[in-house]
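# An overview of the molecular structure
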Amino acid sequence: MQASLEQVAQINVLAGLPLADQVSLQRHTLVQSYSKGEIILHEGDRLPAKLYAVVSGTIQITKTATTGKETILRNLADGEIFAAPALLGNGTSPATVMAESDCEILTVERDALLKAIQQQPDIAIRMLVVLNNRIQLLHETVHGLVSERATIRLVRLILYFADKSGTVSTPQGESLKTELSYYRMARSVGIAYEECLRLIKSLKSVITYSRGGKIIIIDRQKLEAIASGAVSFENI
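Below is a short write-up of the structure. Every chain's residues receive numbers from 1 upward, in the order its sequence appears when written. Side-chain atom pairs in this predicted model are given and counted only at pLDDT of 80 or more, local residue features only at pLDDT of at least 70, and totals for whole chains, interfaces and linings cover all residues. Based on all heavy atoms of the structure, the side-chain values leave hydrogens and waters out of the count.

The next point concerns the nonpolar core. I158, M185 and I207 are the most contacted members of the largest nonpolar core, which has 26 residues in total. What counts as a helix is a DSSP run of H or I of at least four residues, what counts as a strand is a run of E of at least two, and both are numbered from the N terminus. Looking at this core, the element that brings in the most residues is helix α6 (residues 150-165), giving 8 residues. Residue types Ala, Val, Leu, Ile, Met, Phe, Trp, Tyr and Cys, when buried and joined through side-chain atoms within 4.5 Å, form a set referred to as a nonpolar core. Burial status follows relative accessibility: with a 1.4 Å probe on protein chains alone, a residue under 20% of its type maximum counts as buried, one over 50% as exposed, and anything between as partly exposed.

Right, here's the structure in full:
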């Protein structure tokens, strides 16, 4: 199904395009629906020359090591682009993309996008900003896996989702809007499920965890101190 003009305008890197450019791109779009848990792209798939973006819902991007261990690289929501190698690389998916919830994925043919970029170079600048931010985040993740303690990586993950998705004020503290299960956190920071369970229990004075992945930050200042390395979690 072809995307609507509203869906085209919803994509972050295309936001603000003149109506004429949106209409021109619209003719080269496709929107497909995926159910929760459905694989959108498999790692190693050959990718058609298109821009991929999330129209609604959320997706999860994972990488599998030669040992079979799977790590969550990132989660993306409405308006965000993914699968950059389809446009800029060798056309092979570097990771697996799964629908974290029911979602809709919009694609734009590369030739149509390049033509739009010639008319509106800001599109390319926005794409470079997005990709640069992800490279920086990936660098920090790799650095953390190599040199930082698991507790710091875990705390930084919690703070990342607190800032990205927001929190709700409760009598106990800041409740994360995003639910983070033990399994999801373990895969995101490269530790075993059992170790994640142990570390969360060790942080009980600064966060609370309840069934389903509901996390409440009790003491954000101390949590940030742990994340920075200023306070050892043994001393909390």
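Let us now look at α6. Given the number of residues in a helix, its expected span is that number minus one, multiplied by 1.5 Å. Compared with an ideal rise of 1.5 Å per residue, which puts 16 residues at 22 Å, α6 spans 22 Å between its outermost C-alpha atoms and is within 8% of the ideal. Restricting attention to buried positions, one finds in α6 the residues A150, T151, I152, R153, L154, V155, L157, I158, L159, F161 and A162. Following α6 by one or two positions, G166 has its phi on the positive side, about 90°.

Here we come to the pattern of salt bridges. A pairing counts as a salt bridge when a side-chain nitrogen of Lys or Arg comes within 4 Å of a carboxyl oxygen of Asp or Glu. Taken as a whole and judged by the stated rule, the model has 7 salt bridges. R220 is the partner of E224 in a salt bridge, and the nearest nitrogen-oxygen pair spans 2.9 Å. Residue E224 and its partner R220 are located together in helix α9 (residues 220-228), separated by 4 residues, close to a single helical turn. Where salt bridges share partners, they join D163, E174, R220 and E224 into one cluster.

Before going further, it helps to examine the pairing of strand β4 (residues 59-64). Strands qualify as paired when DSSP identifies two bridges or more between them. Bridge analysis of β4 against strand β5 (residues 70-76) gives 6 bridges, and the strand direction is antiparallel. Bridging from a neighbouring strand, Q60 pairs with N75 of β5.

Time to look at the sheet that holds strand β11 (residues 207-210). The strand order across the open sheet formed by 4 strands is β9-β10-β12-β11, and the pairing between neighbours is antiparallel. Each edge of the sheet is formed by a strand with only one pairing partner; in this case those strands are β9 (167-169) and β11. On average, adjacent strands in this sheet sit at an angle of 25° to one another, irrespective of strand direction. Here 3 bridges tie β9 to strand β10 (residues 174-176), and the two strands are oriented antiparallel to one another. Residue pairing for β10: S169 is matched across the bridge by E174. Across the face of the sheet, α6 comes into contact with β9, β10, β11 and β12 (214-217) while running at roughly 90° to β12. Helix axes are fitted only over the stretch in contact, all axes being lines through C-alpha atoms; the angle between N-to-C directions runs from 0 to 180 degrees. Only heavy atoms matter for contacts: two residues are in contact if any of them lie within 4.5 Å across the pair.

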